[in-house]
Amino acid sequence: MEYTTLGDTGTTVSRLCLGCMSFGSSDWRPWVLDPEEGEEIIDRAIELGINFFDTANMYSNGESERVLGDALEGRREENVVATKVYFQMDDDDPNSGGLSRKAIEQELDNSLDRLGMDAVDLLQIHRLDHETPIEETLKALDDAVRRGKTRYVGASSMWAHEFADALHASDRLGLERFATMQNHYNLAYREEEREMLPLCENEGIGVIPWSPLARGYLTRPHEEIDATTRGDTEEHMYEHPYREGGGTEINERVQELAADKGVTMAQIALSWLLHKDWVDAPIVGTTSVEHLEDAVEALDIDLTSGDLAYLEEPYEPVRVSGHE
Ligand SMILES: NC(=O)c1ccc[n+]([C@@H]2O[C@H](COP(=O)([O-])OP(=O)(O)OC[C@H]3O[C@@H](n4cnc5c(N)ncnc54)[C@H](OP(=O)(O)O)[C@@H]3O)[C@@H](O)[C@H]2O)c1
């Protein structure tokens, strides 16, 4: 395993983060694995040197946090745990979502209960709450750090100008600053390269992209996307503009390069991200131990500048996706 520091913090994380959205309950989404299968993948990830895990309160309505907490029992300290708050957890309680002080404090406590932990390492805002003043959100996050309930705070998809405003507000008020940005970035979706990624580079923000394999779109030929349960049933796979612009040709070039190098498409797509200096650790979603092992092997693949240019060439600007 390779390790890096998370943004400008002193905390060391593996260059792959294991995404736990696929673990919990298939009642939430048909492609989600049950707890035993999830724990098996987390065990193997630890054996392979992964020490960085990403979940959210809303994944499987809290079950993903339970699976991660159970899997890490007895080995909490040597791992780095990230969760998220924002999406409404109880349809009948509007204060169970958003980023008010009340929502952040209550929902973080609920997350810690499910995880069975006193603190997480990184509490991220899953989206920006346009109904709550950013100062209220930042103060509640800062208090969560002072109270020892999270060590760092992070953000997820939003416009770069919104993130710049939030960083400026925390600096102005002397509050804990966002240490990380978890954004939508992969070979088939590169709009973040315009504004967000240069901003993160200038500000020392750790970048941990979500859906690094375009939700599976970059892992098999585009005509076979519906071959798996997730490919067949996940509406986001079709909502994101992966097939627009040069998406089909990018998929074909990933196939071609994978065949030339004798590796899998997933490994080429991940290796491309791992070659980007502004990326700390892609958050990989796997549904099997074999896929996880594939991901770890991608760290050993060398792509030449010619390979990178060949993969990138067909990309055309597409509509912004992933902020909603
Ligand atoms: N902050 C946010 O808003 C946000 C949004 C989305 C995700 N996330 C985070 O990012 C993590 C990853 O997201 P994601 O699951 O969408 O990411 P992804 O890694 O882009 O896609 C995962 C899918 O790719 C396929 N796959 C993975 N490894 C493979 C391999 N070696 N060979 C073949 N296929 C492979 C699997 O599809 P099949 O199952 O179809 O085979 C898997 O379900 C989540 O767990 C979550 O932690 C955050």
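Below, the structure is looked at part by part. (Residues numbered from 1 in each chain as written. Predicted model: local features only at pLDDT ≥ 70, side-chain atom pairs only at ≥ 80, totals over all residues. Heavy atoms only, no water.)

Quick word on the packing of helix α1 (residues 35-47) against helix α2 (residues 63-71)
Helix packing geometry: the angle between the two helix axes and the distance between the axes. Remark: α1 packs on α2, axes separated minimally by 9 Å, with the N-to-C direction vectors making an angle of 50°. Overall, the two elements α1 and α2 adopt an arrangement that is oblique. The two elements α1 and α2 cross, and the hand of that crossing is right-handed. Two secondary-structure elements touch here, α1 through P35, G38, E39, I42 and D43 and α2 through V67, L68, D70 and A71. Among the residues making up the contact of α1 with α2, the classes are represented as five nonpolar, one polar and three charged. (Axes fitted to C-alpha atoms, helices over the stretch in contact; angles between N-to-C directions. Helix = DSSP H or I, 4+ residues; strand = E, 2+ residues; numbered from the N terminus. Parallel < 35°, antiparallel > 145°, perpendicular 65-115°, else oblique. Left-handed = near helix turned anticlockwise from the far one by under 90°. Contact = heavy atoms within 4.5 Å. Nonpolar A, V, L, I, M, F, W, Y, C, P; charged D, E, K, R; others polar.)

Quick word on helix α4 (residues 134-146)
Its 13 residues give α4 an end-to-end C-alpha distance of 18 Å, which sits within 8% of 18 Å, the value for a rise of 1.5 Å per residue. Buried within α4 are the following residues: T137, L138, A140, L141, D142, A144 and V145. The inward-facing, buried residues of α4 contact α3 (101-115), β6 (120-125), β7 (150-156), α5 (160-173) and β8 (178-182). Trailing α4 by a residue or two, G148 shows a phi angle of about 75°, which is positive. (Expected span 1.5 Å × (residues − 1). Buried < 20%, exposed > 50% of the residue type's maximum accessible area, 1.4 Å probe, protein only.)

With respect to the packing of aromatic side chains
Within a pair of aromatic rings, the relevant descriptors are the distance that separates the centres and the angle that separates the planes. Scanning the entire structure with this criterion turns up five aromatic pairs. Here the guanidinium or amino end of R190 rests over the ring plane of Y315, the centre of that ring lying 4.9 Å away. Directly above the ring of W31 sits R230, whose terminal nitrogen or CZ lies 4.1 Å from the centroid. (Phe/Tyr/Trp six-rings, centres within 6.5 Å; stacked < 30°, edge-to-face > 60°. Lys NZ or Arg CZ within 6 Å of the ring centre and 35° of its normal.)

As for the pairing of β7
Counting buried positions along β7 gives five out of seven residues, so the element sits mostly inside the fold. When β6 meets β7, the two strands line up parallel, connected through five bridges. Note that in β7 the partner of I125 across the bridge is A155. Between β6 and its parallel partner β7, the chain crosses via α4, and the hand of that crossover is right-handed. (Pairing = 2+ DSSP bridges. Right-handed = clockwise from strand over helix to strand, strands pointing away.)

Some thoughts on the packing of α1 against helix α11 (residues 289-297)
At a minimum axis separation of 9 Å, α1 and α11 run at an interaxial angle of 25°. When the axis of α1 is compared with that of α11, the two are roughly parallel. In terms of crossing hand, the pair formed by α1 and α11 is right-handed. Taken together, the residues of α11 that come into contact with α1 (itself represented by E40, I41, R44 and A45) are V289, L292 and E293. The class makeup of the residues in the contact of α1 with α11 is four nonpolar, no polar and three charged.

Focus on the site of the ligand
Around the ligand, the surrounding shell holds 29 residues, and the nearest of these are D54, S211, L213, T228 and R230. Within the backbone of C20, an N or O atom sits 3.4 Å from an oxygen atom of the ligand. Within the contact set of the ligand, a nitrogen atom lies 3.4 Å away from a side-chain nitrogen or oxygen of H291. For the ligand, whose free accessible area comes to 900 Å², the fraction covered by protein is 95%. Secondary structure elements with two or more residues in the shell around the ligand: α7 (229-233), β10 (283-284) and α11. Tallied by class, residues from the shell around the ligand come to ten nonpolar, twelve polar and seven charged. (Near = heavy atom within 4 Å. Polar contact = N/O pair within 3.5 Å; in protein donor to acceptor, adjacent residues only side chain to side chain. Areas by Shrake-Rupley, 256 points an atom, 1.4 Å probe, with all protein chains shown as cover.)

Quick word on unusual backbone geometry
Even without being glycine, Y86 reaches a positive phi, approximately 160°. The residue Y86 is located in the loop between β5 (80-85) and α3 in this model.

Some words on the side chain of K84
If you trace the backbone, K84 turns up in strand β5. At 2.8 Å, the side chain of K84 and the side chain of D54 are in polar contact. At a separation of 2.9 Å, a polar atom in the side chain of K84 contacts the side chain of Y59. Residues in contact with K84, not counting those within four places in the same chain, are D54, T55, A56, N57, Y59, Q124, H126 and Q182.

Some thoughts on the sheet that holds strand β3 (residues 17-19)
Overall, parallel pairing links the eight strands, which are arranged β9-β8-β7-β6-β5-β4-β3-β10 in an open sheet. Every other strand in the sheet has two partners, leaving β9 (206-207) and β10 as the edge strands with one partner each. Alignment of β3 against β10, held across two bridges, turns out to be parallel. Looking at the pairing, C17 lines up with I283 of β10. Packing of α4 onto the sheet brings it into contact with β6, β7 and β8, and relative to β7 it is tilted by some 150°.

A look at the pattern of salt bridges
If you walk through the whole model with that rule in mind, you get 27 salt bridges. A salt bridge links R146 to D142; the shortest N-O distance between them is 2.9 Å. Here R146 pairs with D142, and both are found in helix α4, just four residues apart, close to one helical turn. When the shortest N-O distance is used, the salt bridge between R319 and E244 registers 2.8 Å. (Salt bridge = Lys/Arg side-chain N within 4 Å of Asp/Glu carboxyl O.)

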